[in-house]
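Inside the fold
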Amino acid sequence: MRKIVINGGKPLKGEVAISGAKNSVVALIPATILSDDVVTLDGVPDISDVDSLIEIMEIMGAKVKREGDTLEIDPRGVKNQPMPYGKINSLRASYYFYGSLLSRFGEATVGLPGGCDLGPRPIDLHLKAFEAMGASISYEGEAMRLSTEGEPIHGAHIYMDTVSVGATINTMLAATKAKGRTTIENAAREPEIIDVATLLNNMGAHIRGAGTDIITIEGVDYLHGTRHQVIPDRIEAGTYIALAAAIGEGIRITNVLYEHLESYIAKLEEMGVRMTIEEDAIFVEKQSTLKAVTVKTSPYPGFATDLQQPITPLLLKTEGRGMILDTIYEKRINHVAELARMSADISTVGGRIVYQGPNKLTGTVVKASDLRAGAALVIAGLMAEGRTEITNVEFILRGYSSIIEKLTSLGADIALIEE
């Protein structure tokens, strides 16, 4: 068992660089299956989700070389075979293998996806798209089988009933080598979708409209190799910005794209957070009095649900009463009880998170229930007086590259302990 131990209350300062986007790379790696030659990804974060994806790719027959943050993938040896349930079940993004394998082979048998427990996250939109493109669906134990029954997968007109990043990307993957044109309406607009489309287009795909609510894909027969730079992780950036505002004495966060964080930055400015926006960096000053605000998540370009939990410890420092409403994931409230254990005045009322500040947090033993809740507890532990122990840290290591090293470089007293 592993745990993170923090001796909190120490001011932090310095500079920290943001890694490549987790939510991009977990789709980019399965997307390389579509290539007919070697693909190189630069800026790949050092996270356990990437480790799992590499292992799955190698089991499928791909040759993978990893050096630092560069990943070289040769997918030419990939074979159409059932995916190992144990590894597949460890991460939510395993569902991207459906789209890639269906596009390349016309069938896929993949274990049902896992990941963080954030309430109902059905993949019905993915399946609706695949069915429209000619795939039939059946279940074999703990796996799902998709097949076009020997016929080529074909293009289709698909309307997403709700905005879904995963379903939008998966449909793009399936459509890339489909016969004919696919149109996705009410598509998600997140930067990670643009990143995946950029990789595919650089490989020879014909995708237009990524980043808008209508995406058009003309299927192609062949995709060549390419080299691709993963975009910076906007969620990691937002997490470190919140940390810097909460306990920093001047922290510069580099490799940041401001345009990916506009709604988040606007909310911080509403609170009174003082920052200097640079071309590819943000300098966060030492803060004084901050005011309580209401946070409401919504699809991009709105306030990201993945930043709702990391901003919560900072909200606990503000003056007054505020509220958080997550309209995306109803169960994204598991961090609340843990923060309350750290003496925070915070609770849930009718599905909303209500807090009163300012708070002085105290260290204790807490448990990470999911990835972003874990990030919130790390920030809270750095803010708190005394010792904080965080268990269930595997969630945190799934999405934050070199988090112990980065925080230590800022002056944090933090360690990952093996027991």
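Residues numbered from 1 in each chain as written. Predicted model: local features only at pLDDT ≥ 70, side-chain atom pairs only at ≥ 80, totals over all residues. Heavy atoms only, no water.

Naming follows an unreviewed UniProt entry, where the protein chain appears as UDP-N-acetylglucosamine 1-carboxyvinyltransferase of Candidatus Streptococcus faecavium. Recorded in UniProt for the protein chain, the comment headed Catalytic activity (unreviewed entry) runs: "phosphoenolpyruvate + UDP-N-acetyl-alpha-D-glucosamine = UDP-N-acetyl-3-O-(1-carboxyvinyl)-alpha-D-glucosamine + phosphate". (UniProt positions renumbered as here; feature names shortened; annotations may be inferred.)

**Comments concerning the UniProt feature "binding site: phosphoenolpyruvate" (unreviewed entry) in the protein chain**
Residues annotated by UniProt as "binding site: phosphoenolpyruvate" (unreviewed entry) correspond here to Lys22 and Asn23. Mapped onto the elements, Lys22 comes out in helix H1 (residues 22-31). Position of Asn23 among the secondary structure elements: in helix H1. Using a relative accessible area of 22% as the deciding quantity, one classes Asn23 as partly exposed. Setting aside chain neighbours within four positions, we find Asn23 in contact with Glu192, Ile235, Asp306 and Arg372. (Helix = DSSP H or I, 4+ residues; strand = E, 2+ residues; numbered from the N terminus. Buried < 20%, exposed > 50% of the residue type's maximum accessible area, 1.4 Å probe, protein only. Contact = heavy atoms within 4.5 Å.)

**Here's the deal with the sheet that holds strand E20 (residues 352-357)**
A sheet is described by the order of its strands in space; here 4 strands give the open sequence E17-E18-E20-E19, paired in mixed fashion. For this open sheet the edge positions go to strand E17 (294-296) and strand E19 (346-349), each flanked by a neighbour on one side alone. Taking each pair of neighbouring strands and ignoring which way they run, the sheet shows an average axis angle of 20 degrees. Summarising the sheet, E17 and strand E18 (residues 320-325) pair through 3 bridges and their orientation is parallel. Pairing of Thr294 across the sheet is with Met323, part of E18. (Pairing = 2+ DSSP bridges. Axes fitted to C-alpha atoms, helices over the stretch in contact; angles between N-to-C directions.)

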